[in-house]
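Listed below, chain by chain, are the residues.
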Amino acid sequence: MQMQENLQNYNFPDHKGHFGPYGGVFVPETLIHALEDLRDNYEKLKNTPSFMEEFHDDLKNFVGRPSPVYYAKRLSEMLGGAQIWFKREDLNHTGAHKVNNTVGQALLARHMGKKRIIAETGAGQHGVASATVAARYGMECVVYMGSEDIKRQASNVYRMRLLGAEVVPVESGSKTLKDALNEAMRDWVTNVENTFYIIGTVAGPHPYPMIVRDFNSVVGEELKTQMPQMIGRQPDAVIACVGGGSNALGVFYPYIKDEGVRLIGVEAGGSGVETGKHAAPLASGTPGVLHGNRTYLMQDSNGQIIETHSISAGLDYPGVGPEHSWLKDIGRAEYVSANDDEALEAFHKLTRIEGIMPALETAHAVAHAMKIAPEMGSDQVLLVNLSGRGDKDMSTVATASNMGL
Amino acid sequence: MSRIKNKFEELSRNNRKALIPFITAGDPNLETTLILMSALVKSGSDIIELGIPFSDPIADGPTIQRASERALAGKTSLSSVLDLVQKFREKDKETPIVLMGYANPIEALGVDAFVARAAEVGVDGVLVVDYPPEESGALNTALKKNQIDSIFLLAPTTLEARIADVAALATGYVYYVSLKGVTGAGHLDLEDVSKRVEQIKKHVEVPVGVGFGIRDGETARAVAQLSDAVVIGSRLVEEIEQSDAKTIVTNVESFIRSIRKAIDTE
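Rules and cut-offs
- Residues numbered from 1 in each chain as written.
- Chains lettered and ligands numbered in written order.
- Predicted model: local features only at pLDDT ≥ 70, side-chain atom pairs only at ≥ 80, totals over all residues.
- Heavy atoms only, no water.
- Helix = DSSP H or I, 4+ residues; strand = E, 2+ residues; numbered from the N terminus.
- Rg over C-alpha atoms; globule rule 2.2 N^0.38 Å.
- Buried < 20%, exposed > 50% of the residue type's maximum accessible area, 1.4 Å probe, protein only.
- Contact = heavy atoms within 4.5 Å.
- Areas by Shrake-Rupley, 256 points an atom, 1.4 Å probe, with all protein chains shown as cover.
- Lys, Arg positive; Asp, Glu negative; His and termini not counted.
- Charge placed at Lys NZ, Arg CZ, Asp CG, Glu CD.
- Pairing = 2+ DSSP bridges.
- Core = buried A, V, L, I, M, F, W, Y, C linked by side-chain atoms within 4.5 Å.
- Domains from an automatic or database assignment.
- Buried area = accessible area lost by both parts, 1.4 Å probe.
- Salt bridge = Lys/Arg side-chain N within 4 Å of Asp/Glu carboxyl O.
- Nonpolar A, V, L, I, M, F, W, Y, C, P; charged D, E, K, R; others polar.
- Expected span 1.5 Å × (residues − 1).
- Axes fitted to C-alpha atoms, helices over the stretch in contact; angles between N-to-C directions.
- Polar contact = N/O pair within 3.5 Å; in protein donor to acceptor, adjacent residues only side chain to side chain.
- Right-handed = clockwise from strand over helix to strand, strands pointing away.
- Phe/Tyr/Trp six-rings, centres within 6.5 Å; stacked < 30°, edge-to-face > 60°.
- Lys NZ or Arg CZ within 6 Å of the ring centre and 35° of its normal.

**Examining the overall build of chain A**
Thought 1: In terms of helices and strands, chain A carries 16 helices and 15 strands.
Thought 2: Rg of the C-alpha trace for chain A: 19 Å, near the compact-globule value of 22 Å for 405 residues, within the 12% margin.
Thought 3: The proportion of buried residues among the 405 residues of chain A is 65%.
Thought 4: Counting only contacts in chain A whose residues sit at least 6 apart along the sequence, the fraction spanning at least 24 positions is 74%.
Thought 5: Summed over all atoms, the accessible surface of chain A reaches about 13700 Å², with 49% contributed by carbon and sulfur.
Thought 6: Side-chain charges of chain A comprise 37 positive and 48 negative groups, with the mean position of each set lying 3 Å from the other.

Right, here's the structure in full:
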């Protein structure tokens, strides 16, 4: 399917939460009422000026928005092609874009009278952001995290505990992000009346993919003002890494109708998409139903979800937000992948050339920019969403690069 | 007429309530499941709910998660579950079989292909945990065309207006999830179940089964007095998990007999 949709009328999801054939509300009956309640409250609050003022006030004074746009001059000159620019989400409070959404959802929770929040986390960034807003708004917080990820992201686990959150290790399945999501869903089914589930990515049942996208869209909205100020126009391409896809959709969404801006999502290629050991459902998966929505999935021929592989815990997920599936099918966004070693190389390059240490997730987007920049002219501009900083990845990088810590 | 409807009518004539055990197909292996299905019938079960194992069962507690993992470790697939039903039907043409599972394995096989094969092997009802009425259109159409019952869940959180919407789609029976939680969790609030079943009965013409949280003869009997059917899953799966190859059939039979006896006690 190539651009069959008239993008000027792009308006998704529909009232049932569908993005074409994707999205939806694939959940057990027990959760239906809570999701309808959330949808109704969100529809009301997003049109309530005082609520949106509160949200933007916290983004400004608590998160530190707007985040700057930075021209990576040395990196660009070294590569000898397109100019590489960064949207510095790594400078946000808590170190990643994740906090934009958690501030929004915590405010929703507060307006809905829920005192307990739960979250799932892979790399720990969403868990830290959730624990942070729970502390900020005085709420109880429980974070589910795969025991494998707890090992990979020990410093974030400690941060969450310092912030007063309970971190629950998940031992089922592959012990990573998807299993943490399963366990958070089970908690929510059980405690649905007093609990608000802060989903960290643009996946899950409707209205989550829409809510998380909307709260993260502040990133792309800022860019649309900042880029003309910096370079007199919009960038030629916007590049972001895609696990569930919340940082990518945060920059893509405001640009969907600007057809001159290429949108490029970079999935985790792991050991290489051809090896099967990766986390790139858009590159090699097929549509199916997981975690409340229909989307591209990594699955076997019997419809069982298969284990994913990525050096970055935050991209190690077998599904992807349903809107990305739709953007792929209609041809509005391109999806590519970067392997573990390419991401690692990009991590080191960016650290040494620009003095910016990206999260390993983010390093996938940087790797792709480094790949395509040399083929482009120096008048062309690639904007990379620098979604998070790499402090949390020290031990993974040290191990992978054979460096002592 | 559907086997499920027949069964409930027969029970009703005899003033009895249905006992519906749930087991996961392929736990511990498909050969044993086939033997257990006959054992369930022999010891007093009326309808069998057969779980289709899935890698990410979000509505299930640890007991049924482990059963799914065991079944998947033995390479159980939806196709092999359908073959299992075919084998069971060669010996038992009466006992209704309801397949219960998650959407993805069904979509991977293809909704129409799944339903065609289910009809061919003698499946009587299908319950897809993550297909609420909103998302069940294609499956319902196919099931209806093939005269297979669409079983839906109702929950403590389901609003009354929605009960009526579900009632319009439900055939066979509806399954009331008696507590907020995953399978095998918590304690039953019988007073609450009683009120809710009464409310459901105002809207639903098909029988009402109650499940989640039924642990023993006492809770089974109490629930039977409030509803048309008792569904017992996690506690039975525990019995399977704790048995070895030698004891599994006798353990399952004696457990089901004890529940049957409790339900039938006035």
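Next comes the rest of the account.
**Focus: the sheet that holds strand β3 (residues 97–101) of chain B**
Residue and element names in this part refer to chain B.
Thought 1: Overall, parallel pairing links the nine strands, which are arranged β5-β4-β3-β2-β1-β9-β8-β7-β6 in an open sheet. Either end of the sheet is taken by a strand with one partner, and the two such strands are β5 (149–150) and β6 (152–154).
Thought 2: Looking at chain direction, strand β2 (residues 48–51) and β3 are connected through four bridges and run parallel. Looking at the pairing, glutamate 49 lines up with valine 98 of β3.

**Regarding the nonpolar core**
Thought 1: Core analysis: the largest hydrophobic core is formed by 123 residues, its most contacted members being Leu108(A), Met160(A), Trp188(A), Phe196(A), Tyr197(A) and Phe252(A).
Thought 2: Structurally, this core is a two-domain feature, drawing no fewer than three residues from each of domain 1 (28–59 + 98–212) and domain 2 (66–95 + 217–400) of chain A.
Thought 3: Core analysis: the next-biggest nonpolar cluster, separate from the first, contains 65 residues, Leu34(B), Ala142(B), Val223(B) and Ile248(B) among them.

**Observations regarding the interface of chain B and chain A**
Thought 1: With 35 residues of chain B at the contact, the number on the chain A side is 35 residues.
Thought 2: Regarding the contact of chain B and chain A, the summed buried area is about 2800 Å², with carbon and sulfur atoms giving 52% of it.
Thought 3: Our count for the contact surface shared by chain B and chain A stands at five salt bridges.
Thought 4: Linking Arg162(B) and Glu36(A) is a salt bridge whose minimum nitrogen-to-oxygen distance equals 4.0 Å.
Thought 5: Listing elements by their share of the side of chain B that touches chain A, those giving two or more residues are α3 (62–73), α5 (103–109) and β6 of chain B.
Thought 6: When the residues that make up the side of chain B that touches chain A are grouped by side-chain class, the tally is 19 nonpolar, seven polar and nine charged.

**Section: helix α5 (residues 125–137) of chain A**
All names here are of chain A.
Thought 1: An ideal rise of 1.5 Å per residue puts 18 Å on 13 residues; α5 measures up with 18 Å between its terminal C-alpha atoms.
Thought 2: Of the residues making up α5, those classed as buried are Gln125, His126, Gly127, Val128, Ala129, Ser130, Ala131, Thr132, Val133, Ala134 and Tyr137.
Thought 3: On its buried face, α5 is in contact with α2 (49–63), α4 (98–111), β5 (116–121), β6 (140–146) and α7 (154–162).
Thought 4: Just downstream of α5 lies glycine 138, where phi reads positive at about 70°.

**A few points about the packing of helix α9 (residues 208–216) of chain A against helix α10 (residues 218–231) of chain A**
Residues and elements named next belong to chain A.
Thought 1: α10 packs onto α9 with a crossing angle of 35° between their chain directions and a minimal axis gap of 5 Å. Across the interface between the two elements, Asp214, Phe215 and Asn216 of α9 pack against Val218, Val219 and Gly220 of α10.
Thought 2: Of the residues belonging to the contact of α9 with α10, the class tally is three nonpolar, two polar and one charged.

**Things to note about the side chain of Glu361(A)**
Residue and element names in this part refer to chain A.
Thought 1: Mapped onto the fold, glutamate 361 is located in helix α15 (residues 360–372).
Thought 2: A polar contact of 2.8 Å, which involves the side chain of glutamate 361, links it to the backbone nitrogen of glycine 314.
Thought 3: Here the side chain of glutamate 361 touches lysine 392 through a polar contact of 2.7 Å, side chain to side chain.
Thought 4: With near-sequence residues (within four places) excluded, glutamate 361 lies in contact with Ala123, Cys241, Ser312, Ala313, Gly314, Leu315, Lys392 and Asp393.

**Section: the pairing of strand β7 (residues 174–177) of chain B**
All names here are of chain B.
Thought 1: Alternating residues of β7 divide into Val174 and Tyr176 and Tyr175 and Val177, and every residue in both groups is buried.
Thought 2: As judged from the three bridges shared by β6 and β7, these two strands associate in the parallel manner. Note on β7: the bridge partner recorded for leucine 154 is tyrosine 176.
Thought 3: After leaving β6, the chain enters helix α8 (residues 160–169) and then returns to the sheet as β7, a path that is right-handed.
Thought 4: Where β7 lies against strand β8 (residues 208–211), four bridges are found, and the strand directions are parallel. From the neighbouring strand, valine 177 faces β8, where its bridge partner is glycine 211.
Thought 5: In this fold, β7 hands off to helix α9 (residues 190–203), which returns the chain to β8; that crossover is right-handed.

**A look at the domain arrangement of chain A**
Residue and element names in this part refer to chain A.
Thought 1: The domains assigned to chain A are domain 1 (28–59 + 98–212) and domain 2 (66–95 + 217–400).
Thought 2: Taken over C-alpha atoms, the centre of domain 1 sits 23 Å from the centre of domain 2.
Thought 3: Taken together, the contacts link 32 residues of domain 1 with 32 residues of domain 2.
Thought 4: Between domain 1 and domain 2, a total of about 2300 Å² is buried, with carbon and sulfur atoms accounting for 57% of that surface.
Thought 5: On the domain 1 side of the interface with domain 2, the three residues burying the most area are Arg152, Lys178 and Val202, jointly 25% of the side's total.
Thought 6: Seen at the junction of domain 1 and domain 2, the total is one salt bridge.
Thought 7: Note that aspartate 316 is salt-bridged to arginine 152, the shortest N-O span being 3.0 Å.
Thought 8: Where domain 1 touches domain 2, the interface holds ten residue pairs in polar contact (both at pLDDT 80 or more).
Thought 9: At the level of elements, α2, α4, α5, α6 (147–152), α7, α8 (177–190) and α9 are the ones that each hand at least two residues to the side of domain 1 that touches domain 2.

**Details of the packing of aromatic side chains**
Residue and element names in this part refer to chain A.
Thought 1: Tallying each qualifying case throughout the model produces 13 aromatic pairs over all chains.
Thought 2: Ring centres 6.1 Å apart and planes at 55° place the aromatic pair tyrosine 197 and tyrosine 208 in the tilted group. Here the residue tyrosine 197 occupies a position in strand β8 (residues 195–197), and tyrosine 208 occupies one in helix α9, the gap between them amounting to eleven residues. Like tyrosine 197, the residue tyrosine 208 is buried in the burial classification.
Thought 3: Chaining the aromatic ring pairs together yields one cluster made of Tyr10, Phe12 and Trp326.
Thought 4: Seen from the ring of phenylalanine 62, arginine 136 lies directly overhead, with NZ or CZ sitting 5.6 Å from the centre.

**Topic: the pairing of strand β9 (residues 229–232) of chain B**
All names here are of chain B.
Thought 1: Side chains Ala229 and Val231 project from β9 onto one buried face, and the interleaved Val230 and Ile232 project onto a second face that is buried too.
Thought 2: In this sheet, β9 lies alongside strand β1 (residues 18–24) in parallel orientation, the contact comprising four bridges. Across the sheet, residue proline 21 finds its bridge partner in β9, namely isoleucine 232.
Thought 3: Bridging between β8 and β9 involves two bridges; their strand directions are parallel.

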